[in-house]
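Chain by chain, the residues:
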Amino acid sequence: MYNIIDGKRIATIIKREIAEEVEKNISCGMKKPHLVTILVGNDGASETYVSHKIKACKAVGFSSSIIRFSDKVTENELIIKIKEINKDKDIDGLIVQLPLAKHISEENIIETIEPSKDVDGFHPINMGRMTIGLPAYVSATPQGIVELLRRYKIKTSGKHCVVIGRSNIVGRPVSILLSQKNDYGNATVTLCHSRTKNLKEITKKADILIAAIGQKEFVTEDMVKKDAVVIDVGIHRVKSKKTKSGWKLKGDVKFDEVAPKCKYITPVPGGVGPMTIVSLLTNTLKSATNKFD
Ligand code: NAD
């Protein structure tokens, strides 16, 4: 019988912990943590992600604001705004919602954000510090995955962990975190990607399999070892006649056939997704309390 790793439940617990700390800090005279999101254009998915972040901020007692730009905004105009926010002492965290319009360089924008306000953990300084094990803001999804393993007391030390996907926001950083020399690292990590040969032979050896591929239900039962821990990062919207909204979410893992083989598995929705937002809140609280680690 498999166990569900309930990200929604863990996220609720962590949000309660954050709210309590915020309340305590305010009673000691500190200000509310403040998260600012820059949103360019009106892409539907980006609007949804940002509204979830704002809602989560409210729930834990943070201030939050959105700064909107049309998709005609120039890179320079954005850079000027980011530099202004970098200097604003009231603002603890800054997120620029990605993707940006094609004429804007995401690298230039990310590198303009002051690393101590980069609660998304995308700045090369934070990525670099995280890589060599120094205090850093760790990007939200990888941090959420490690926190799930920690809260479920799933040991990683000495385990073979296979990550599918090498993106800078999920696959690569999670592979680094799990190989770090610490309590929730010490794994032997294999990072697979689109050019990997014999993928199935590698994934079948995984004690912990992390799927961050971006292809719906890519991981099938024959790719998974019995009693593996499977973490599904994928999010895919598919049409459904069974839901009121007319759609439902699927992951990168074919849950129904893979789950019976697992010891632990994250569902989609309700697994990694809720942990991503919570990690952003955790980073913003760290910034507000100068606990830059
Ligand atoms: P991405 O498209 O940037 O990266 C996908 C990676 O998968 C690439 O590195 C590629 O090499 C690898 N890949 C593609 N096809 C492959 C194949 N056939 N075999 C092996 N490797 C292959 O994606 P991403 O931004 O890392 O996101 C991955 C998934 O996670 C997406 O579904 C995305 O929507 C989702 N996501 C979820 C959250 C969350 O909060 N749950 C956060 C970020 C991304």
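Residues numbered from 1 in each chain as written. Predicted model: local features only at pLDDT ≥ 70, side-chain atom pairs only at ≥ 80, totals over all residues. Heavy atoms only, no water.

Novice: Can you help me understand the environment of Leu249 in this one?
Specialist: When you line up the elements, Leu249 lands in strand 10 (residues 247-250). By relative accessible area, Leu249 is classed as partly exposed at 26%. (Helix = DSSP H or I, 4+ residues; strand = E, 2+ residues; numbered from the N terminus. Buried < 20%, exposed > 50% of the residue type's maximum accessible area, 1.4 Å probe, protein only.)

Novice: Even after reading the chapter, I still don't get the packing of helix 6 (residues 140-151) against helix 7 (residues 171-179), so can you show me in this structure?
Specialist: Helices that pack against each other are described as a pair by the angle of their axes relative to one another and the distance between those axes. Packing of helix 6 against helix 7 brings their axes to within 9 Å, and their N-to-C directions diverge by 40°. Judged on the interaxial angle alone, helix 7 and helix 6 are oblique. Regarding helix 6 and helix 7, the two cross each other, and that crossing is right-handed. Seen from helix 6, the contacting residues are Pro142, Gln143, Ile145, Val146 and Leu149; seen from helix 7, they are Pro173, Val174, Leu177 and Leu178. (Axes fitted to C-alpha atoms, helices over the stretch in contact; angles between N-to-C directions. Parallel < 35°, antiparallel > 145°, perpendicular 65-115°, else oblique. Left-handed = near helix turned anticlockwise from the far one by under 90°. Contact = heavy atoms within 4.5 Å.)

Novice: It is not clear to me how the sheet that holds strand 1 (residues 3-4) should be interpreted in this structure. Could you clarify?
Specialist: Paired through backbone hydrogen bonds, the strands of a sheet run either parallel or antiparallel to each other. Strand order in the open sheet made by the 6 strands is 1-11-8-7-5-6, with parallel pairing throughout. With one partner strand each, in any of the chains shown, strand 1 and strand 6 (188-192) form the two edges of the open sheet. Where helix 7 meets the sheet, its contacts fall on strand 5 (160-164), strand 6 and strand 7 (208-211), and the angle it forms with strand 6 comes to roughly 170°. (Pairing = 2+ DSSP bridges.)

Novice: I keep staring at the pattern of salt bridges and nothing clicks. Help me out?
Specialist: Think of it this way: side chains of opposite charge can pair up when their charged atoms draw near. All chains considered together, the criterion is met by 13 salt bridges. Salt-bridge contacts for Lys261 lead to Glu221; the nearest nitrogen and oxygen are separated by 3.1 Å. Residue Lys261 is found in the loop between helix 9 (255-258) and strand 11 (262-265), and its partner Glu221 is found in the loop between strand 7 and strand 8 (228-232); the two are separated by 40 residues along the sequence. Residues Lys226 and Asp227 are paired through a salt bridge, measuring 3.7 Å at the closest nitrogen-oxygen approach. Taking relative accessible area as the criterion, Lys226 reaches 59% and is therefore assigned exposed. The exposure class of Asp227 is partly exposed, given its relative accessible area of 45%. Each member of the salt-bridge network shares a partner with another, and the members are Glu17, Glu147, Arg150 and Arg151. (Salt bridge = Lys/Arg side-chain N within 4 Å of Asp/Glu carboxyl O.)

Novice: Help me out: how do you make sense of the pairing of strand 3 (residues 63-69) in this one?
Specialist: Looking along a regular strand, one sees the side chains alternate between the two faces of the sheet. Of the strand pairs in this sheet, strand 2 (residues 34-40) and strand 3 are connected by 7 bridges, and their pairing is parallel. Paired with Val40 across the bridge in strand 3 is Phe69.

Novice: I keep staring at the environment of Val73 and nothing clicks. Help me out?
Specialist: Mapped onto the secondary structure, Val73 falls in the loop between strand 3 and helix 3 (75-87). The buried category is assigned to Val73, whose relative accessible area is 5%. Considering only alpha carbons, one finds Val73 and His103, 30 residues apart in sequence, at a separation of 9.3 Å.

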